Amino acid sequence: MFQFKILEKREIDLVVPLVYKLNQGRILVEVLKARFADMVNQNYECAVILEDGVAIGVSGLWYCTRHYSGRSVEPDHVYIEEAYRGNGLGKQFFEWIYNYVSEKGYEVVELNTYVSNYASHKFYYNEGFKILGYHFLKKL
């Protein structure tokens with residue numbers, strides 16, 4: 001049986017192995033731990049899918065109010081272990097997220113996904129998401 005929940009701040013390191021895989025090892029574990037330690041003190045929560053107490057899926061949730069959409073939540077670093085994909089678990093996870101954030105008074109879910117991540121594009125289209133623009137990044 002799967003459990004969906006929001007992690008306590010002290011539990012945040014549970015998701016580091018999943019996010020490490022998501023980023024294909026390009027970000028060191030120590031760097032991820034430091035960043036997550038900072039993130040949990042911002043407008044951020046971390047949702048997980050647990051099976052027998054083991055994290056098999058993750059989605060960060062960033063909260064803000066935007067002038068064009070109102071109270072908004074942004075799922076970030078969404079990842080489900082490969083062995084669990086393709087059986088509707090992602091859909092269940094997002095339904096749980098939609099209900100959770102709606103109960104908190106949020107009106108909109110918006111997200112970014114990598115251009116090359118075609119499987120996620122199909123998933124988000126099927127979830128009713130629309131493409132509104134491009135995401136730009138400049139390192140300082």
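Here goes a summary of the coordinates provided. The structure presented is a predicted model; accordingly, all values stated were derived computationally and were not measured.

1. With respect to the overall build of the protein chain
At step 1: Across its full length, the protein chain carries 4 helices and 5 strands.
At step 2: Secondary structure elements of the protein chain, listed N to C terminal, follow the sequence β-α-α-β-β-β-α-β-α.
At step 3: For 140 residues, the compact-globule estimate of 2.2 N^0.38 gives 14 Å, and the protein chain sits close to it at 15 Å.
At step 4: Each principal axis of the C-alpha atoms in the protein chain carries an extent, and together these give about 40 × 35 × 30 Å.
At step 5: Per-residue burial over the protein chain gives 38% buried out of 140 residues.
At step 6: Taking the contacts inside the protein chain whose residues are at least 6 apart along the sequence as the reference set, 57% of them involve residues at least 24 apart.

2. Things to note about the packing of aromatic side chains
At step 1: For the coordinates displayed, the defined rule picks out 13 aromatic pairs.
At step 2: Ring geometry for Phe4 against Phe93: centres 5.7 Å apart, planes inclined by 20°, an arrangement best described as stacked. With Phe4 in strand E1 (residues 2-6) and Phe93 in helix H3 (residues 89-103), this pair connects stretches of sequence that are 89 residues apart.
At step 3: Note on Tyr63 and Tyr106: the rings are 4.8 Å apart at their centroids and 50° apart in plane angle, and the pair reads as tilted. With Tyr63 in strand E3 (residues 54-66) and Tyr106 in the loop between H3 and strand E5 (108-109), the pair connects residues that are 43 residues apart, well separated along the chain.
At step 4: By the ring-pair criterion, three or more aromatic residues cluster together here, those being Phe94, Tyr98, Phe123, Tyr124 and Phe129.

3. Some words on the sheet that holds E5
At step 1: Taken in spatial order, the 5 strands make up an open sheet running E1-E2-E3-E4-E5, and their pairing is mixed. Two strands bound the open sheet, and with one partner strand each, they are E1 and E5.
At step 2: Taken together, the 8 bridges between strand E2 (residues 44-51) and E3 define a ladder with antiparallel strand orientation. What sits directly across from Tyr44, in E3, is Trp62.

4. Some points on H3
At step 1: Spanning 15 residues, H3 covers 21 Å between terminal C-alpha atoms, matching the ideal 21 Å at 1.5 Å per step.
At step 2: Residues of H3 that are buried: Leu89, Gly90, Phe93, Phe94, Ile97, Tyr98, Tyr100 and Val101.
At step 3: Those residues of H3 that are buried are in contact with E1, E2, E3, strand E4 (70-80), E5 and helix H4 (118-126).
At step 4: Positive backbone phi, at 95°, marks Gly105, one or two positions downstream of H3.

Reading guide: rules and limits
Residues numbered from 1 in each chain as written. Predicted model: local features only at pLDDT ≥ 70, side-chain atom pairs only at ≥ 80, totals over all residues. Heavy atoms only, no water. Helix = DSSP H or I, 4+ residues; strand = E, 2+ residues; numbered from the N terminus. Rg over C-alpha atoms; globule rule 2.2 N^0.38 Å. Buried < 20%, exposed > 50% of the residue type's maximum accessible area, 1.4 Å probe, protein only. Contact = heavy atoms within 4.5 Å. Phe/Tyr/Trp six-rings, centres within 6.5 Å; stacked < 30°, edge-to-face > 60°. Pairing = 2+ DSSP bridges. Expected span 1.5 Å × (residues − 1).

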